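Results of the structural survey
In case you want the letters, here they are:
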Amino acid sequence: MVDNTTDFKRLFLEGVPLMDVRAPVEFHKGAFPGVINLPLMNDRERERVGTAYKQHGQQAAIELGHTLVAGAVKEARIAAWAQFAEANPEGYLYCFRGGLRSQITQQWIKAATGIDYPRVVGGYKALRTFLIEQTEHSVATCEFVCLGGMTGIGKTEVLAELDHAVDLEALANHRGSGFGKRATAQPAPIAFENALGVDLLKRRAQGQAAFVVEDESRMIGSCALPLSLYRRMQVSPMVWLEDGLESRVSRILQDYVVNLCAEFVALHGQEAGFTAFAERLQQSLAGIAKRLGGERYQRFAAILQAALAEQGARGEVSGHRGWIEGLLLEYYDPMYAFQRDAKAERIEFAGERAAVLEYLKARVSG
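Residues numbered from 1 in each chain as written. Predicted model: local features only at pLDDT ≥ 70, side-chain atom pairs only at ≥ 80, totals over all residues. Heavy atoms only, no water.

1. Comments concerning the packing of helix H5 (residues 71–87) against helix H6 (residues 100–113)
Which entries qualify depends on this criterion: Think of each axis as a best-fit line through the C-alpha atoms, taken over the contacting stretch in the case of a helix, with angles from 0 to 180 degrees between the N-to-C directions. Labels follow the DSSP assignment, with helices taken as runs of H or I lasting at least four residues and strands as runs of E lasting at least two, numbered in each case from the N terminus. If an angle is under 35 degrees, it is roughly parallel; if it is over 145, roughly antiparallel; if it lies from 65 to 115, roughly perpendicular; otherwise it is oblique. Here a residue-residue contact requires only that any non-hydrogen atoms of the pair lie within 4.5 Å.
Orientation of H5 relative to H6, taken along the N-to-C sense of each, is 85°, at an axis distance of 10 Å. In this view, H5 runs roughly perpendicular relative to H6, as classed from their interaxial angle. Contacts between H5 and H6 involve Lys74, Ile78, Trp81 and Ala82 on the former and, on the latter, Thr105, Trp108, Ile109, Ala112 and Thr113.

Here it is, written out as structure tokens:
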């Protein structure tokens, strides 16, 4: 007899292979890390079945579904499921609520291959509810320390050296500023929440109960922090990272120019990649034009345009230092200085990288 499961914790902790048979539109709105989407119905089929259900009831919807997913279409989908089941005998499948779609998928796999492939009881909805509850429990019971500092100070580099750090920007695939978009897209907001929930769950299972996170706004690009976590971060103790202006300019040049350009070139090829990279930088600057004011925006835009022309012609990137330094001194630094003053009572330690790392390692692991 097929061994369906409600052990959601084990599924996530052990990274058990999961097959999501929801329609692509459902999957793209929110999925779990590493899950494969092999739908019973495509988006159009699901829409038509849903309309039939509303107008004529469940039986009519089921009959229409069997009509739409038949013949070669049905055979192709069963073949994909069977391939997954044979490659991942320890895995599970699920639909939205663990109901009709996953049961039909189980029946068709069994009839075609003889494989009794188990499903997740309660489906995607139960799995997501479990992760939300786990995240809320972690926020309520764990300690959080926020790492703050000026733009380009190297907070991400510090987080990478800490076992107890949760890199929210990595989970959101965004650097967390007006220039923070990567060459690849961000996850859907719900997928970001799911990934964060899995990350926290695994850390808790390892015995971690204190975490370092970067001091973030509620939104990291298009991804929103869970409200409970964001509120907790606003009252958590802070550690403030410090570094010199020249180092910060060099770090931003590497991350936002050299590395970002390489990302675009890797995706689109040299010419198209550089064009997309240049457009991205110009769009990012234009995105803060109103806050900069007309004169400053035009000045920085001219420096950026000249730097991009030099980079495109000769591969030289030093011209970008002009607009980067200008933005830091005239825009970002005054804003961050104001924020530091507002958060001064929460700052329990400040220093450069080595001192901050030493402090945080002792603070969260001991």
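Once the structure has been displayed, the description carries forward.
2. Examining the UniProt feature "active site" (unreviewed entry) in the protein chain
Put simply, the test is: UniProt positions are given in the numbering used here, feature names are shortened, and annotations may be inferred rather than shown by experiment. Partly exposed describes any residue whose relative accessible area lies between the buried limit of under 20% and the exposed limit of over 50%, with all areas from a 1.4 Å probe on protein chains only and scaled to the type maximum.
Per the UniProt annotation, the sites labelled "active site" (unreviewed entry) are Cys95. Using a relative accessible area of 3% as the deciding quantity, one classes cysteine 95 as buried. Setting aside its immediate chain neighbours within four residues, cysteine 95 contacts Val21, Arg22, Arg101, Ser102, Gly123 and Tyr124.

3. Quick notes on the environment of glycine 294
The topology assignment puts glycine 294 in helix H15 (residues 294–314). Note: C-alpha distance between glycine 294 and methionine 41 (253 residues apart in sequence) is 52 Å.

4. A look at the pattern of salt bridges
Selection rule: Here a salt bridge means any side-chain nitrogen of Lys or Arg lying within 4 Å of a carboxyl oxygen belonging to Asp or Glu.
Here the structure, examined in full by the defined rule, presents 25 salt bridges. The partner of glutamate 14 in a salt bridge is arginine 10, with the nearest N and O atoms 3.1 Å apart. Overall, the relative accessible area of 53% leaves glutamate 14 in the exposed class. Arginine 10 gets classed as partly exposed once you look at its relative accessible area, which sits at 26%. Where arginine 340 meets glutamate 242, a salt bridge forms, and the shortest distance between an N and an O atom there is 3.4 Å. One end of the pair, arginine 340, is in helix H16 (residues 320–342); the other, glutamate 242, is in the loop between strand S8 (238–241) and helix H12 (245–268), and 98 residues separate them in sequence. You can call arginine 340 partly exposed: its relative accessible area is 28%. Accessibility expressed as a relative area gives 32% for glutamate 242, which makes it partly exposed. What you see here is one network of salt bridges that share partners, running through Glu157, Glu161, Asp243, Arg251 and Arg353.

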